[in-house]
Amino acid sequence: MNAAEITILEEIELENPIFIEALPGLGHVGKLAADHMIDELGATKFAEIYSPTFPPQVLIKDEGIIENMLNELYYLKDVGEDNLDLIILVGNTQALSPEGQYLICRDILEFVKGYDIDRIFTLGGMAIPQPVENPKVYGAATDEANIELLKEADIEIRSNDGGIVGASGLFLGLGARQGISGTCLMGETPGYFIDAESAEAILKKLALLLNFEINIDKLDERAEETRQMIAKAQQMEQDLINRANAGNADDLRYIG
């Protein structure tokens, strides 16, 4: 079974776009930054991605309308002073299992490679014990040239202190195996709340690296919307666990 079902909503032509991954993760730092970027810069959704590797559930929105667990691809053209084209990956979930992570990341990477992506940026959080007033941004990259660019932007370099888990790490690794250079930006966050300050920090550094301007005034509003979405998803996941623990784990009638 293929990991991803990709529905193309609009046929597009881009010039060596940069691929930016920002799926939910620690503190939802990357997701919050990318969602704000999509709104502020007017990005257009051009593809939806559904996968059996996603959690077995749907979200319930206002008025009882359901929302599937999805990843989405947006595009921007002629961004900033360098007139860059961008593809941005966002969504309300990542794959559940390690195998699922490899499958879905592989399929998405193969799809965006069809647009001749030039570089990869992944956005996420880096765990710290307690909140800080001015979160730092740390970086890692696939090659020395990108490390030098991070240093020039006053981004702290992570060195020999663990790994990058999930899509943010896998897209860099899978891309590097195919000759695509990549960079990860990680904002300091305790990880147990939707961290708008950390999202703002990495968004400012991304804007500096890619030479574009963005207004961040509405980032706190976006953080509250994300909190509500995450709370619903977490409650549903906990309900599934509670029901499975309360009865026969093999009896899945409660799902539907």
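Keep in mind the model is a prediction, meaning the values are calculated, not measured. (Residues numbered from 1 in each chain as written. Predicted model: local features only at pLDDT ≥ 70, side-chain atom pairs only at ≥ 80, totals over all residues. Heavy atoms only, no water.)

Chemist: Help me out: how do you make sense of the sheet that holds strand S6 (residues 71–79) in this one?
Modeler: Whenever strands of a sheet pair, they do so through backbone hydrogen bonds, lying parallel or antiparallel. Strand order in the open sheet formed by 9 strands is S1-S3-S6-S7-S2-S8-S11-S9-S10, with mixed pairing between adjacent strands. The open sheet terminates on both sides in strands that have one partner only, identified here as strand S1 (5–8) and strand S10 (156–157). Direction of pairing for strand S3 (residues 44–50) relative to S6: antiparallel, over a ladder of 5 bridges. Bridge assignment links lysine 45 to a residue of S6, and that residue is tyrosine 74. Each of S1, strand S2 (18–21), S3, S6, strand S7 (84–91) and strand S8 (119–127) is contacted by helix H2 (residues 98–113), which is oriented at about 145° to S3, the strand it contacts most. The strands that helix H3 (residues 144–152) touches are strand S9 (137–141), S10 and strand S11 (182–189); relative to S9, the one it contacts most, it runs at about 165°. (Pairing = 2+ DSSP bridges. Helix = DSSP H or I, 4+ residues; strand = E, 2+ residues; numbered from the N terminus. Contact = heavy atoms within 4.5 Å. Axes fitted to C-alpha atoms, helices over the stretch in contact; angles between N-to-C directions.)

Chemist: Even after reading the chapter, I still don't get the packing of aromatic side chains, so can you show me in this structure?
Modeler: Both the distance between ring centres and the angle between the ring planes are used here to describe each pair of aromatic rings. Inspection of every chain in the model, using the stated rule, returns 5 aromatic pairs. Where phenylalanine 46 meets tyrosine 75, the ring centres are 5.9 Å apart and the plane angle is 75°; that geometry is what we call edge-to-face. You can see phenylalanine 46 sitting in strand S3 and its partner tyrosine 75 sitting in strand S6, a full 29 residues away along the chain. On the accessibility criterion, phenylalanine 46 (0% relative accessible area) is buried. When its relative accessible area of 14% is taken as the criterion, tyrosine 75 is described as buried. Pairing tyrosine 192 with phenylalanine 193 gives two aromatic rings, centres 5.3 Å apart and planes at 70°, and the pair type is edge-to-face. For tyrosine 192, a relative accessible area of 60% gives the class exposed. Classification of phenylalanine 193 as partly exposed rests on a relative accessible area of 31%. An aromatic cluster is present here, built from Phe46, Tyr75, Phe111 and Tyr115 joined pairwise through their rings. (Phe/Tyr/Trp six-rings, centres within 6.5 Å; stacked < 30°, edge-to-face > 60°. Buried < 20%, exposed > 50% of the residue type's maximum accessible area, 1.4 Å probe, protein only.)

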